[in-house]
Amino acid sequence: MGFILFVGVLFVVGFPLAIAIYLFKHRDELYAVRVTDKIGFLYNRFVKGAEFWELHELVRKVLLTGFATALASSPSLQVMMASLVCLIAQINLNY
């Protein structure tokens, strides 16, 4: 169980954090060929200036999945938390 929790936390927290650090570290050269070849798939479909949007979407999906599994015993709380996450995502999208 300890290994499963370690891998779960590493994937849920570590993966988005690693992407955020890499994007932030290379933010001035995101369209250089060597950076685009490595991680260009994360932001090539977005307009310039919205390269971090995939990170936003990844965090939204992780939160939705996390709330769905953690609150499995209370469906009404699941719906409420999922609605809150979606509402915040929509506000951020429109902002």
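Preceding this paragraph is the structure being described.
Owing to the predicted nature of the structure, the values given are computational and were not obtained by experimental measurement.

Conventions used here
Here, residues in each chain are numbered from 1, in the same order as that chain's written sequence. With pLDDT at 70 or above as the cut-off, local features in this predicted model cover only qualifying residues; side-chain atom pairs require 80 or more to be listed or tallied, and sums for whole chains, interfaces and linings still use all residues. Side-chain metrics rest on all non-hydrogen atoms present in the structure, leaving aside hydrogens and water. What counts as a helix is a DSSP run of H or I of at least four residues, what counts as a strand is a run of E of at least two, and both are numbered from the N terminus. Here the expected span of a helix is defined as 1.5 Å times the quantity of residues minus one. Each residue's exposure class comes from its accessible area (1.4 Å probe, protein chains only) as a fraction of the maximum for that residue type: buried when under 20%, exposed when over 50%, partly exposed otherwise. Contacts between residues were defined by any pair of non-hydrogen atoms, one from each residue, lying within 4.5 Å. One side-chain nitrogen of Lys or Arg within 4 Å of one carboxyl oxygen of Asp or Glu is enough to make a salt bridge. Here the aromatic set is Phe, Tyr and Trp, taking the six-membered ring for Trp, and pairing holds for ring centres within 6.5 Å; pairs whose planes are under 30 degrees apart are stacked, those over 60 apart are edge-to-face, and all others are tilted.

## Some points on helix H3 (residues 53–70)
Alright, step 1. With 18 residues, H3 extends 26 Å from end C-alpha to end C-alpha; this agrees with the ideal 26 Å at 1.5 Å per step.
Alright, step 2. Those residues of H3 that fall on the buried side of the exposure criterion are Glu54, Leu55, His56, Glu57 and Leu58.
Alright, step 3. For H3, the secondary structure elements touched by its buried residues are helix H1 (2–25) and helix H4 (75–94).

## As for the pattern of salt bridges
Alright, step 1. Tallied over the full model, the rule gives 3 salt bridges.
Alright, step 2. Here Glu29 ties to Arg34 by a salt bridge, and the two come within 2.9 Å at their closest N and O atoms.
Alright, step 3. Relative accessible area serves as the criterion here: at 30%, Glu29 is assigned to the partly exposed category.
Alright, step 4. In this structure, Glu54 and Arg45 form a salt bridge, with 2.4 Å as the shortest nitrogen-oxygen distance.

## Details of the packing of aromatic side chains
Alright, step 1. With the rule as written, the count across this model stands at 2 aromatic pairs.
Alright, step 2. Ring geometry for Phe11 and Phe15: centres 5.7 Å apart, planes at 5°, overall stacked. Within this pair, Phe11 and its partner Phe15 are both found in helix H1, separated by 4 residues, close to a single helical turn.
Alright, step 3. On the basis of relative accessibility, which here comes to 54%, the residue Phe11 falls in the exposed class.
Alright, step 4. Judged by relative accessible area, which is 40%, Phe15 ranks as partly exposed.
Alright, step 5. On the basis of an interplanar angle of 80° and a centroid distance of 5.6 Å, the ring pair of Tyr31 and Tyr43 is categorised as edge-to-face. With a gap of 12 residues between them, Tyr31 in the loop between H1 and helix H2 (33–39) and Tyr43 in the loop between H2 and H3 connect regions that are remote in the sequence.
Alright, step 6. Relative accessible area serves as the criterion here: at 1%, Tyr43 is assigned to the buried category.

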